[in-house]
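# Structure assessment
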2 protein chains.
Amino acid sequence: MNMSDCTKSNEFAEAAPLFSWDELGAGIMARAQALAAHTEAPGMMTRSFLTPAHHTAAARLAAWMAEAGMSVRRDVVGNVIGRYEGIEPDAPALLTGSHFDTVPNGGIYDGILGILLPIACVARWHAQGRRFAHAIEVIGFAEEEGVRFKATLLGSRAIAGAFDLRVLDHTDAAGVTMRQAIDTAGLGYSCADLGAAAMDPARMLGFLEVHIEQGPVLLDAGLALGIVTGIAGATRMQVEVSGVAGHAGTVPMAGRRDAAMAAAEIALAIEQRCGGVEGLVGTVGQFDVPGGAANVVPGRALFSIDVRAEQDGQREAAVADILAAIDRIAARRGVATQVRQTHEARSVPCAPALCRQLDAALRRAGLPARRLPSGAGHDAMVIAARTDMAMLFVRCGNGGISHNPLETMSAEDAALAARVASDFIEHFQPSGSNDHKEYLA
Amino acid sequence: MNMSDCTKSNEFAEAAPLFSWDELGAGIMARAQALAAHTEAPGMMTRSFLTPAHHTAAARLAAWMAEAGMSVRRDVVGNVIGRYEGIEPDAPALLTGSHFDTVPNGGIYDGILGILLPIACVARWHAQGRRFAHAIEVIGFAEEEGVRFKATLLGSRAIAGAFDLRVLDHTDAAGVTMRQAIDTAGLGYSCADLGAAAMDPARMLGFLEVHIEQGPVLLDAGLALGIVTGIAGATRMQVEVSGVAGHAGTVPMAGRRDAAMAAAEIALAIEQRCGGVEGLVGTVGQFDVPGGAANVVPGRALFSIDVRAEQDGQREAAVADILAAIDRIAARRGVATQVRQTHEARSVPCAPALCRQLDAALRRAGLPARRLPSGAGHDAMVIAARTDMAMLFVRCGNGGISHNPLETMSAEDAALAARVASDFIEHFQPSGSNDHKEYLA
């Protein structure tokens, strides 16, 4: 598909000029469906970094941005950046966006919503001839999920000037290095240009990420939208339990040093410790008895631990208690354990000033301003190192399921989110500054 | 390797004629080491049904049997059967033996001991010119472990006339059916001869299997030998737990339907139910979260259950309680479970009359006559359907570990076992008959 193909399939054009929020919501949903055609696996939503599907999806986003009145550029990692100028040329910009890669067999709104929604908002202002004191840059981050090269948030890290050059040596399943993939992507750059992809923080006024919640909190509360207070910190560990393998029929229960039973008891201790504490979650997502057989007492078990909380102290206390429980259970059962921490990230708070502005926008729309933490990581937490950051969560249907083909949301919620995000951008006040004004261009 | 190669490496020849039990014990250990060279995987003890290593091991056993004064035949499944005639030709026989296949990377005494030990005993009688009222048949069962075709006890089933013809359609990892493997084994038979492999029960006086314990009971008790009271009954189940997958960061603990946590709780309930009950064991040997990821709440978990007890009522009560616990835990956690029973076998008692004769032989050797159940299955439990069966367990070193390269036993224990088994066979009284006499031929 080339760019001219993209512009032909213009879901908004049929209803332009757009002023109805319902039309905007329906248009966003239609474009999410259209973008889902750019997949590596027909019938599934699978789009990894710099694959052909990823390139054609980027081209389509670029075409929609251009049609909405934006100048479009791509950078070395394939980020698609559309700029809608303010009243004065070259004004500093309010950034907004999210990612357009997906997990394998994922949902079609995760990430994408946060790109399509501001494109629709800009298209509306463009049709209305409106500009603001600040420019608006809509960013489609090329990579967030970390699927192809086991390295996450590549798009936002490049823009934040926080790209870890060591990941360039990571290889994909076919043995291609990330360096090779970037150098041969046909974007007109090589890895030597990574530094130049960083945006100047002095030119950033703030960052808003609109994202599907990926959980059930808003759904359970009966609310379309929520203001994210911060992105939870996380600790991840891999645990290996070594006991003594034995014959399931011949080793009496009292003499066993069963690695799987020890792991099961530790898993339940994690659930017990994290349950009932607001804002704290603990998960054992991997649990394996390598080479296990029905008639063998397990000598070895492997499992993962993932602990998250918005309050770092809460998470650190839980991790300490879990490590103590591991030692206590292992000692009582006569098994050895090896705990390897694989990830540790402090929580990233959203900018209070921007949260208050989102709050005001929600109230102007007559909506309750529910606040909630984000348990998942997002591009916003990388950009937060450079400028004020806020996130608006949109209700996730189907029990809150995400990273799954069953992920869904409603056109009504998309319309409400577009209305609130537009209002937020129209009233946007850069932190510590009061010089924001709105003009009709 | 051909037969003439086998006979050259004759560990006993160097010390013949053998009358010392210590020499017999050392010879058995040396032959177990020598037979370990017949492996599919150098450096490991891996010998599956009808592989080249299995054929050369059989040839070596046949050569040792012939050298001990036995006539040797093989049958359709590759069993190696040596017959040491009694005083009268064609007398009914006391059978003794075990299997010469192994699990992958297993021990070198499991099964083998029960073939090499009676060969050594017969070699001694042969050197002494002794024969008995009964013939002795030493059987090397070709297959017990069930590795290659996922069907166990093939050797003893053929001899017991209890071969399940449906397993002929099972395939190995390379897609070869058991039928093809047997028909092309070069043994001069085809599967059509399976019926003829069955021995006439009227010609069997009893069966003794000497086997390494494969557990720690004798080791912990400081005893070399034990009399098996019976082979435990077993129930095996595969359980699938279906919950709801979710994002590890975004689904609050209270709303989770975590399949792995449910499985972990069930596993601990099994351990709790089976612990502290003498003679009852319960094992979760397999535990898997398919496609599990550290940041995903498990939507699915699979695990196995293996429950064994010498008392069938004890096992059945435990299984009923475990099924009730599964239902209770699943209901409380809002997950679904599917339980599939994959195996059910009643316990097989050893013949009390033969146990008493083993008891007497142990006491004549000045040894305590400790009795213990066998938690593992053995060829003896199949033969028990046709004739009186007894088993003599030999202490397993290294904490009782088996199905493992660390499996070990001592030459001293082999000597004691050879002495007690010889004495048992010399004094053997067929059940319900008192016409047994011993003669010097």
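Residues numbered from 1 in each chain as written. Chains lettered and ligands numbered in written order. Predicted model: local features only at pLDDT ≥ 70, side-chain atom pairs only at ≥ 80, totals over all residues. Heavy atoms only, no water.

Attention now goes to the overall build of chain A. Tallying secondary structure elements over chain A gives 12 helices and 18 strands in all. By the compact-globule yardstick of 22 Å for 441 residues, chain A fits well, its C-alpha radius of gyration being 24 Å. In terms of overall dimensions, chain A has C-alpha extents of about 85 × 45 × 40 Å along its principal axes. Taking all 441 residues of chain A together, the buried fraction comes to 57%. Once local pairs closer than 6 in sequence are excluded, the contacts in chain A between residues at least 24 apart make up 76%. Accessible surface computed for chain A: about 16100 Å², of which carbon and sulfur atoms make up 52%. A gap of 3 Å separates the mean positions of the 37 positive and 49 negative side-chain charges of chain A. (Helix = DSSP H or I, 4+ residues; strand = E, 2+ residues; numbered from the N terminus. Rg over C-alpha atoms; globule rule 2.2 N^0.38 Å. Buried < 20%, exposed > 50% of the residue type's maximum accessible area, 1.4 Å probe, protein only. Contact = heavy atoms within 4.5 Å. Areas by Shrake-Rupley, 256 points an atom, 1.4 Å probe, with all protein chains shown as cover. Lys, Arg positive; Asp, Glu negative; His and termini not counted. Charge placed at Lys NZ, Arg CZ, Asp CG, Glu CD.)

The next point concerns the interface of chain B and chain A. Contact with chain B, which involves 49 residues of that partner, is made by 49 residues of chain A. For the pair chain B and chain A, the summed buried surface comes to about 4000 Å²; carbon and sulfur atoms form 64% of the total. The salt bridge involving R333(A) is made with E271(B); its shortest N-O contact spans 2.7 Å. At the boundary of chain B and chain A, one finds 12 residue pairs in polar contact (both at pLDDT 80 or more). Secondary-structure elements contributing two or more residues to the side of chain B that touches chain A are α8 (259-274), β10 (280-283), β11 (287-288), β12 (296-297) and β13 (300-309) of chain B. At eight residues, the largest contribution of residues to the side of chain B that touches chain A is made by α8(B). Among the residues making up the side of chain B that touches chain A, the classes are represented as 25 nonpolar, 15 polar and nine charged. (Buried area = accessible area lost by both parts, 1.4 Å probe. Salt bridge = Lys/Arg side-chain N within 4 Å of Asp/Glu carboxyl O. Polar contact = N/O pair within 3.5 Å; in protein donor to acceptor, adjacent residues only side chain to side chain. Nonpolar A, V, L, I, M, F, W, Y, C, P; charged D, E, K, R; others polar.)

As a further point, take the confidence of the model for chain A. Residues and elements named next belong to chain A. Model confidence for chain A is summarised by a mean pLDDT of 92, while 94% of its residues fall at 70 or above. For the stretch residues 1-10, pLDDT sits under 50, and the model shows 16 contacts to residues farther than four places along the chain or on other chains. Every residue in residues 433-441 is under pLDDT 50, and counting partners more than four places away or in other chains gives 21 contacts. (pLDDT = per-residue confidence, 0-100.)

Let's shift gears to the domain arrangement of chain A. Residue and element names in this part refer to chain A. Entries for chain A in the domain assignment read domain 1 (3-232 + 348-439) and domain 2 (233-345). In this complex, domain 1 contributes eight residues to the contact, which on the side of domain 2 involves five residues. Of the roughly 420 Å² buried at the junction of domain 1 and domain 2 (both faces included), carbon and sulfur atoms supply 51%. Ranking the residues of domain 1 by area buried against domain 2 places A232, P373 and G375 at the top, with a combined share of 75%. Counting across the domain 1 and domain 2 interface gives zero salt bridges. (Domains from an automatic or database assignment.)

Right, let's talk about the pattern of salt bridges for a bit. Under the defined criterion, the tally for this structure stands at 48 salt bridges over all chains. The shortest N-O distance in the salt bridge between R364(A) and D423(A) comes to 2.7 Å. Of this pair, R364(A) sits in helix α10 (residues 352-364) while D423(A) sits in helix α12 (residues 411-426), placing them 59 residues apart in sequence. With a closest N to O distance of 2.5 Å, R315(B) and E344(B) form a salt bridge. With R315(B) in helix α9 (residues 312-333) and E344(B) in strand β14 (residues 336-345), this residue pair connects regions lying 29 residues apart in the sequence. Taking relative accessible area as the criterion, E344(B) reaches 42% and is therefore assigned partly exposed. Taken together, the shared-partner salt bridges connect D312(A), R315(A), E316(A), E344(A) and R346(A) into one network.

Residue and element names in this part refer to chain A. The N-to-C vectors of α10 and α12 enclose an angle of 125 degrees; their axes lie 9 Å apart at closest approach. As judged from the angle between their axes, α10 and α12 are oblique. The handedness of the crossing between α10 and α12 is right-handed. Residue-level contacts link L354, Q357, L358, A361, L362 and R364 of α10 to R419, V420, D423 and F424 of α12. Counted by class, the contact of α10 with α12 contains six nonpolar, one polar and three charged residues. (Axes fitted to C-alpha atoms, helices over the stretch in contact; angles between N-to-C directions. Parallel < 35°, antiparallel > 145°, perpendicular 65-115°, else oblique. Left-handed = near helix turned anticlockwise from the far one by under 90°.)

Here we come to the relation of the copies chain B and chain A. There are two copies of the chain, and a rotation about an axis plus a shift along that axis relates them. Between chain B and chain A, the superposition needs a rotation of 180 degrees and an axial shift of 0.1 Å, giving an RMSD of 0.2 Å. Such a turn and shift between the copies fits a two-fold axis. The share of interface residues of chain B whose copies in chain A are also at the interface is 100%, consistent with both copies meeting through the same surface. (Least-squares fit on C-alpha atoms with pLDDT ≥ 70 in both.)

As a further point, take the packing of helix α2 (residues 21-35) of chain A against helix α3 (residues 52-67) of chain A. Residues and elements named next belong to chain A. Relative to each other, α2 and α3 sit at 150 degrees, their axes nearing to 10 Å. The orientation of α2 relative to α3 falls into the category roughly antiparallel. Note on element contacts: α3 touches α2 through A57, R60, L61, W64 and E67, opposite R31, A34 and L35. Its residues assigned to classes, the contact of α2 with α3 shows five nonpolar, no polar and three charged.

What follows is about the state of the cysteines. Here the structure, examined in full by the defined rule, presents zero disulfides over all chains. Between C350(B), a free cysteine, and C355(B), which holds the nearest cysteine sulfur, the sulfur-to-sulfur gap is 4.9 Å. (Disulfide = S-S within 2.5 Å.)

Here we come to the environment of F163(A). Residue and element names in this part refer to chain A. Position of F163 among the secondary structure elements: in the loop between α5 (154-160) and α6 (178-183). The sequence separation of F163 and G195 amounts to 32 residues, and the corresponding C-alpha distance is 8.2 Å. The residues touching F163, leaving out its near neighbours within four places in the chain, are V77, L154, R157, A158, L168, M178 and L194.

What follows deals with the environment of A173(B). In this fold, A173(B) is placed in the loop between α5 (154-160) and α6 (178-183). Put simply, A173(B) and P92(B) are 81 residues apart on the chain and 41 Å apart in space, counted from C-alpha to C-alpha.

Residues and elements named next belong to chain B. Inspection of the secondary structure puts M389 in strand β17 (residues 389-394). For M389, a relative accessible area of 2% gives the class buried. Between the C-alpha atoms of M389 and G206, which are 183 residues apart in sequence, the distance is 5.8 Å. In this view, M389 contacts F207, I231, V348, P349, C350, A351, L354, A380, M381 and A384; residues no more than four positions away in its chain are not counted.

Let's shift gears to the pairing of strand β5 (residues 135-141) of chain B. All names here are of chain B. For β5, the tally of buried residues reaches seven of seven residues, placing the bulk of the element in the interior. Burial of the side chains of β5 extends over both faces: A135, E137, I139 and F141 are buried on one face and I136, V138 and G140 on the other. Summarising the sheet, strand β2 (residues 80-84) and β5 pair through five bridges and their orientation is antiparallel. Its bridge partner lying in β5, I81 is registered against I139. (Pairing = 2+ DSSP bridges.)

On to the side chain of E144(B). Residue and element names in this part refer to chain B. Structurally, E144 can be placed in the loop between β5 and α5. Lacking a salt bridge, the buried E144 has R308 as its closest oppositely charged neighbour, with an N-O distance of 8.9 Å. Leave out the neighbours within four places in its chain, and E144 touches H99, D101, T152, L153, G377, H378 and D379.

Turning next to unusual backbone geometry. All names here are of chain B. At N398, a position not held by glycine, the phi torsion is positive, near 55 degrees. Summarising the element assignment, N398 is placed in the loop between β17 and α12 (411-426). For H403, which is not glycine, the phi dihedral falls at a positive 55 degrees. By secondary structure assignment, the location of H403 is in the loop between β17 and α12.

Turning our eyes to something else, we now look at helix α3 (residues 52-67) of chain B. All names here are of chain B. Taking 1.5 Å of rise per residue, 16 residues should cover 22 Å, and α3 covers 23 Å from first to last C-alpha, within 8% of that figure. Buried residues dominate α3, accounting for 12 of its 16 residues. Here α3 has its buried residues at A53, H54, T56, A57, A58, A59, R60, L61, A62, A63, W64 and M65. (Expected span 1.5 Å × (residues − 1).)

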